[in-house]
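Fold and contact review
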Amino acid sequence: MANNAERLCKRKRLGEKSLEEAEWKRAKIQNGTIVENVIRHNNQEQQKEVSIFTLNSESNHCAITHDQMCELINYAVLGEARTSSPSWCQIHRQKQLKGVAVIVLHGVSQMHFYRYYLQFKQLRKRFKCRLSMPPPPDDFLLRIFGTEKLPPQDCKGPKVNETPVVNGHCLVTENNSCGPPDLDNHPIIIKYGRKKQGLTSYLLSEEELTKNDYPVAGIPGSEGFVQSGCTTKVTDNSPLLGLDCEMCLTTKGNELTRVSIVNAEGYCVMDELVKPDNHILNYLTRFSGITWKMLLPVETKLQDVQAKLKKILPSDAVLVGHSLNNDLKALQMIHPNVIDTSLLFARDLGRRFKLKVLVQKVLGREIQTEVMVGHDPSEDARAALELAQYFITQGPKKVAKLNLENFQAKQTVGNGFTAQPEGRSHGERSSNHLNAICNGVNRFQGRTCLQCDSLLNKLCMGDQKAVLLGTKKAMKELIYQDAWHKIECGTDKEVVQRARTEIPVASLSLSHFTSYSEYIECHLQMKIHEGLLHEKMRQKLSEMCTVYAGPFCKDFCLKSVKRTFRNCGSISSISIITETYQPYVRIQYEVPESAHLAADTLNGSIVEGFLIKVQRPIKENMLDCDTVLKKLEKDITNQAVIYVSGIRQSLTKEDLSEKFSKFGHVEAVICLDDKIDAKPKDCFIKYGSPESALEAQTAMNGQEVKKRRFNVLRALTPYHLQTWAAQRSYTAEQELKNVMRTLDRRVGRLFKALTNNTLCMVLLPGTNSAHCSVPGLCLFEIKQDS
C-alpha cells in the first residue's frame, strides 16, 4: 500500500511538472509570436521610410549615359521641388534620402571589374544595380555633376552694382552685370566678330576639321575613305546642302543605315536606306527609327550611296549638318567644305547645343518630338541647313542677342520661373528666386564661376554642403573644384578615414581614389598591356561560351548535331575538328549560359547514334571556370534573373512575358538580338524578386510549349556584360589583384560608414586613350542596414 501511494504521489508530481512545462512553452510561443509581430510591425514601419531605386521598364537595363547620371544626382539631391525627375529611373520616397555619395575609382573600368571579379567582394555583395557606362571624355565629371564654367569677367568686390555674391561666386542678373553691358565677351562674337559675313567665313578650316574628329586625307582613321570630288574653290554663292545620316550598331561598330540630303530650298534630293555589310547587333530604333523590317528588302550598299553622292554634289558644294563628322564617318567619305551648326552656334569650353534646342529657340518650331519613333534624317538635315542660313543672313550679332545660354538654362530648370507652392524652406525659396533672375556667371577674385542653374550653385544657395575628398593628384585632375568644400588627403587610406566623418553631414560628396592610376604610372608596361588585356578578355568570354562534342563517325550529319545543340541556346558558330582520330564538333554559343546548359544536359547523351562527351575547352585560363561560374550564379544581380532557351520562334517577347508573369512581376525580357518585334530563340527574364525567379526556374524547366521544351537555369552573365577578362597574362598580376582588393575593401568601409537612406554611386569610369577605349561601370545602391 505504501509503495502504491508513493507511486501515485510521484505521478502527481510529474503531472504537475509537465503541466508547468506546457504552460511555460505556451507562454514562450505567445511571447515569441508577440516579439515576431513587433519585429514585423517595425520592419513594415521602416519599409515605409525606406527610399527605393528602380529602373523604368522601357529604359535600357544594360547601360547608362553620363547625362542620365547627371539627371539622377540632381534629382536625388534637390528633389522634385527644384528639378525634374529622371526619365530613365525612379527614386521612391526621394524625400527620405539623406544625401548622395559618389565614389570614383580613377582608371578602373568595367573590364577590370570582371577581370578581377573575385577580388571585388564588397562591390559584388553590396551593390545590386550595375550599368555599363561609355568610355569617359576628359570632362566626364563635369557632365555628371552638371557644372559649367563661363568666360572670365572683371568683378572687383563682393558686390558689383549690388550684384549678389554667394560663397564667393558672383551671380549676374539681366539688369545688373559685372562689366559693360555689351556682347564683346560672347563666344560667338569672340569667334566671328559682329559684322555679317558670307558663308566662306563659317567653313571649318583644315585644322578645325582635324581637331573636331572629321575624316581628313592622311589622318589615321580615314584610311579607305572616298573623296567627295568637290574640288572647286568655294565662294559665298556656292550651294548649301543639308546632310544627316542614321546608323545602327554592327559587329564592326556604327554603320550607315539611312542618308538624307536637302537642298537650299528645303527639298529632299536624296533619301536612301542602306544595308550594312556586317551583322547588325542593334538597330538603335529609338534614335534612328530604323527597324529590321525596313531593311529587309533593301539591297543598296555603302558603295552605291557613295557613288550616288559623288554624282549629286556640285563641285563646290558646302555640306551643312549638326556634328557632321559622325555622318561623314558613317559615309566613309572625305569632304573639305563643311559648316557644322554644333560649332557655328559657339559656346565656351567646347560645349555644344543640341539640335533640338537650337531649332526650338532660333527657328521657333519643334523637331524630334516624343510622338516620333527615332529621328527623321531629312527633318534634321533641313533643320541644320535652315540654322546655317539664319546665321549667315542675320549675322553673329543678332544670334548672340538671342541669349541661347539663358534659354538652355530655363530648359534645364523646367519650372524654375513659375509661382512656387507654399511650405518650402527658406533655402529653396531663395534658390528659386535667384534662379529666376540669374542670367550668367562671372569670375570673382580668381575663383571658378558657377552657372546659376548648376547643381553645386543650388546647393550653395540652399546652404547645403558639397564635399570633395581626394589626394593631391585627384585635386589636380578634377575641374571645377571651387564650388566644393575641399579636403586634400595624402593617400587613399586617409580619404576613407576623413570621408567617414565628413560624408554623413554632406548633401553631396565625391570621394576620389587614385591607387590604381598611381600604380599604373609607376608601371608603364601595364599601360602597353591594356589593349592586350582587352583582347584576352574577349578570348576568355569566347572560351566560356564554347563546348566540344564527340566523337562522331566520319559521315555524320552536322545539321542534325546543330539542331540538337541549338536547343540549349543561340549558336554563334559551329565547326568540325578533323585533327583527332574521330571527328569532334566545336560549338560556340552567344552566352556562357548556353554552353553551361549543353555541358550539363547533353554530356553522355546519344546523338547520331553515338554516345558523345560534351566538355569545355581545357586551357590554362579555363582551369578556374567552375569556380567563377559558381560565384556568378550567386551574384546579387543574377538572383532575380533566369536564362531561357529552347524557345519556339513563333513566341514573341510579349508572349514570354505573359507566360512567365504568373510566377511574379516580370521587369524585363532581355534578348541577345534586341530588335523591334523580336522572336527570340533564347532570352533573359528579369523578375522583381529572387523568389519569383526560383519558382519560374523550377516550374518551367523542361516544360513543353508548342512542341519545344524550355531549358531554364539561373542567369550567369550580367546582362550589361559585353566582354570578359582573361586570367593571368603578364607580370605583377598578383600585385594588381592586391590593388583591386584594397580598393574594394576601402569602398566597403566607406559604404558601411554612410547614413541609412544615402544613395551611393561607385563609378569605374573606364579608359579612353590612344591605346584603347574601354567602357566604364556604374554601381548603385541606397544604404540600408540589414
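The present account deals with the structure reproduced in this document. (Residues numbered from 1 in each chain as written. Predicted model: local features only at pLDDT ≥ 70, side-chain atom pairs only at ≥ 80, totals over all residues. Heavy atoms only, no water.)

This brings us to the pairing of strand β21 (residues 584-589). The sheet contact formed by strand β19 (residues 546-550) and β21 spans 4 bridges and is antiparallel. In the strand pairing of β21, Tyr 548 is matched with Arg 586. Sheet topology places strand β20 (residues 571-577) next to β21; 6 bridges connect them, and they run antiparallel. What sits directly across from Ile 571, in β21, is Tyr 589. Turn length for the β20-β21 hairpin, with the two strands adjacent in sequence and antiparallel, is 6 residues. (Pairing = 2+ DSSP bridges. Helix = DSSP H or I, 4+ residues; strand = E, 2+ residues; numbered from the N terminus.)

Moving on to empty space enclosed by the protein. In this structure the tally under the stated criterion is 3 cavities of 30 Å³ or more. Along the walls of the second largest cavity sit Lys 98, Gly 99, Val 100, Ala 101, Ile 503, Pro 504, Ala 506, Ser 509, Leu 754, Thr 755 and Thr 758, which together make up its complete lining. Across the lining of the second largest cavity, the residue classes break down as 6 nonpolar, 4 polar and 1 charged. (1 Å grid on protein atoms, 1.4 Å probe; cavity = no way out; pocket = protein on both sides within 12 Å on 5 of 7 lines; lining within 4 Å. Points joined across faces, edges and corners; volume = space filled by probe spheres on them. Nonpolar A, V, L, I, M, F, W, Y, C, P; charged D, E, K, R; others polar.)

Strand order across the open sheet formed by 4 strands is β20-β21-β19-β24, with antiparallel pairing between neighbours. Each edge of the sheet is formed by a strand with only one pairing partner; in this case those strands are β20 and β24 (613-615). Strand-to-strand, the axes of this sheet are offset by a mean angle of 20°, without reference to chain direction. As paired strands, β19 and β24 are joined by 3 bridges and run antiparallel to one another. Residue Tyr 548 lies in a different strand from β24, and its bridge partner there is Gln 615. Against the sheet, helix α24 (residues 558-566) touches β19, β20, β21 and β24, its axis set at about 140° to β20. (Axes fitted to C-alpha atoms, helices over the stretch in contact; angles between N-to-C directions. Contact = heavy atoms within 4.5 Å.)

Attention now moves to the packing of aromatic side chains. The description of two aromatic rings rests on the distance between their centres and on the angle between their planes. Counted under the stated rule, the structure contains 13 aromatic pairs. Centre to centre, the rings of Phe 113 and Tyr 114 are 4.9 Å apart; their planes meet at 90°, and the pair counts as edge-to-face. According to the relative accessible area criterion, Phe 113 is buried, its value standing at 0%. Considering the side-chain rings of Phe 113 and Tyr 117, the 6.1 Å spacing of their centres and the 90° angle between planes classify their relative orientation as edge-to-face. Judged by relative accessible area, which is 2%, Tyr 117 ranks as buried. In textbook terms, an aromatic cluster arises when at least three aromatic residues are bridged by ring pairs, as seen for Phe 113, Tyr 114, Tyr 117 and Phe 120. One Lys or Arg, Arg 347, reaches over the ring of Phe 353 and ends 4.2 Å from the middle of that ring. Lying across the ring of Phe 751, Lys 783 places its NZ or CZ 5.8 Å from the centre. (Phe/Tyr/Trp six-rings, centres within 6.5 Å; stacked < 30°, edge-to-face > 60°. Buried < 20%, exposed > 50% of the residue type's maximum accessible area, 1.4 Å probe, protein only. Lys NZ or Arg CZ within 6 Å of the ring centre and 35° of its normal.)

Orientation of helix α13 (residues 355-363) relative to helix α14 (residues 377-394), taken along the N-to-C sense of each, is 50°, at an axis distance of 10 Å. Taken together, α13 and α14 sit at an angle that is classed as oblique. In this structure, the crossing between α13 and α14 has a hand that is left-handed. Contacts between α13 and α14 pair Leu 355, Leu 358, Val 359, Val 362 and Leu 363 from the former with Asp 380, Ala 383, Ala 384, Glu 386, Leu 387 and Tyr 390 from the latter. Split by residue class, the contact of α13 with α14 holds 9 nonpolar, no polar and 2 charged. (Parallel < 35°, antiparallel > 145°, perpendicular 65-115°, else oblique. Left-handed = near helix turned anticlockwise from the far one by under 90°.)

Buried within helix α28 (residues 690-700) are the following residues: Ser 692, Ala 693, Ala 696, Gln 697 and Met 700. Looking straight down α28, one finds its buried side chains confined to an arc of 135°; they lie on one side. Exposed positions of α28 whose direction lies more than 90 degrees from the buried face are Glu 691 and Thr 698. For α28, the secondary structure elements touched by its buried residues are β25 (641-645), α27 (653-660), β27 (683-687) and β30 (711-714). (Arc of directions from axis to C-beta.)

Moving on: helix α10 (residues 302-312). Listing the buried residues of α10 in full gives Leu 302, Val 305, Gln 306 and Leu 309. Considered in projection along α10, the buried side chains sweep an arc of 100° and stay on one side of the axis.

With an omega dihedral of 0°, the bond running from Gly 550 to Pro 551 counts as a cis peptide bond. Looking at the element boundaries, Pro 551 is found in the loop between β19 and α24. Phi angles above zero are rare outside glycine, and Arg 93 is one such case at about 60°. Mapped onto the elements of the fold, Arg 93 is located in the loop between β2 (89-92) and β3 (99-105).

Together, Lys 121, Lys 125, Lys 493, Arg 500, Lys 630, Lys 631, Lys 634, Arg 741, Arg 745, Arg 749 and Lys 752 line one region of the surface with positive charge. Among the elements that make up the positive patch, the one with the highest residue count is helix α29 (residues 733-753) (4 residues). When you line up the elements, Lys 752 lands in helix α29. When its relative accessible area of 63% is taken as the criterion, Lys 752 is described as exposed. (Patch = residues over 30% accessible without salt bridge, like charges linked within 9 Å, V, L, I, M, F, W, Y side chains within 5 Å. Areas by Shrake-Rupley, 256 points an atom, 1.4 Å probe, with all protein chains shown as cover. Salt bridge = Lys/Arg side-chain N within 4 Å of Asp/Glu carboxyl O. Lys, Arg positive; Asp, Glu negative; His and termini not counted. Charge placed at Lys NZ, Arg CZ, Asp CG, Glu CD.)

Spatial ordering of the open sheet is given by β26-β27-β25-β30, a layout of 4 strands whose pairing is antiparallel. Unpaired on one side and paired on the other, β26 (666-671) and β30 mark the two borders of the sheet. Going from strand to strand, the sheet's axes swing by 25° on average, the running direction of each strand aside. Of the strand pairs in this sheet, β26 and β27 are connected by 5 bridges, and their pairing is antiparallel. What sits directly across from Val 666, in β27, is Tyr 687. In the packing of α28 onto the sheet, contacts are made with β25, β27 and β30, and the angle to β30 comes to roughly 150°.

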